[in-house]
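So the chains spell out like this:
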Amino acid sequence: MSNAPATWEMYVLPEGQKKITVQKDTRIPNAATFHIAKEDHTLGNILRTQLLKNPKVLFAGYKMPHPLEYSFILKVQTTADTSPAQVLRTEIDALIREVGQIRLKFEVRTFACGTIWRILRNEIVCL
């Protein structure tokens with residue numbers, strides 16, 4: 001018996017709940033807080049790292065409200081010439097492209113290794 005939530009609760013978004021909600025910060029200029037549901041440190045850290053690569057981002061950080069809650073809070077502050085939501089969209093698109101490139105390289109390398117394996121039959125040679 002455990003007090004941990006059921007596994008499916010980590011991924012399934014309840015009907016009517018939004019995946020991302022945005023709240024503009026009233027005290028800090030060009031800042032917003034994004035509440036992202038049904039995600040964890042994996043996506044939070046990747047988004048934070050990608051956002052910090054952008055020169056228009058002054059601050060990006062995330063936190064998990066509770067270890068048993070599958071959501072995180074992402075705070076972003078940008079320069080005056082852009083908005084946090086716009087930068088987040090741009091960087092998510094950049095991440096999708098980057099993951100696509102990694103996947104393509106992996107598939108090409110896997111195909112090449114398989115071809116070399118079939119040619120040599122007894123030895124795996126893949127550089």
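I'd like a rundown of the pairing of strand β4 (residues 71–78), residues and numbers included.
With respect to burial, β4 is a largely interior element, six of its eight residues being buried. The sheet contact formed by strand β2 (residues 31–37) and β4 spans seven bridges and is antiparallel. Within the sheet, the bridge partner assigned to A31 lies in β4 and is Q77. As judged from the six bridges shared by strand β3 (residues 57–63) and β4, these two strands associate in the antiparallel manner. Directly across from A60, in β4, lies its bridge partner V76.

Help me get a handle on the nonpolar core, residues and values and all.
With 14 residues, the main nonpolar core has F34, L47, L51 and L74 as its most contacted residues. Put simply, the parts of the chain that give this core at least two residues each are β2, α1 (41–53), β3, β4 and α2 (84–120). For L74, the contacting residues outside a window of four places in its chain are A32, T33, F34, I36, L47, L51, G61, Y62 and L88.

Thresholds, definitions, all that
- Residues numbered from 1 in each chain as written.
- Predicted model: local features only at pLDDT ≥ 70, side-chain atom pairs only at ≥ 80, totals over all residues.
- Heavy atoms only, no water.
- Buried < 20%, exposed > 50% of the residue type's maximum accessible area, 1.4 Å probe, protein only.
- Helix = DSSP H or I, 4+ residues; strand = E, 2+ residues; numbered from the N terminus.
- Pairing = 2+ DSSP bridges.
- Core = buried A, V, L, I, M, F, W, Y, C linked by side-chain atoms within 4.5 Å.
- Contact = heavy atoms within 4.5 Å.

Interpretation in functional terms is not warranted from these geometric data alone.
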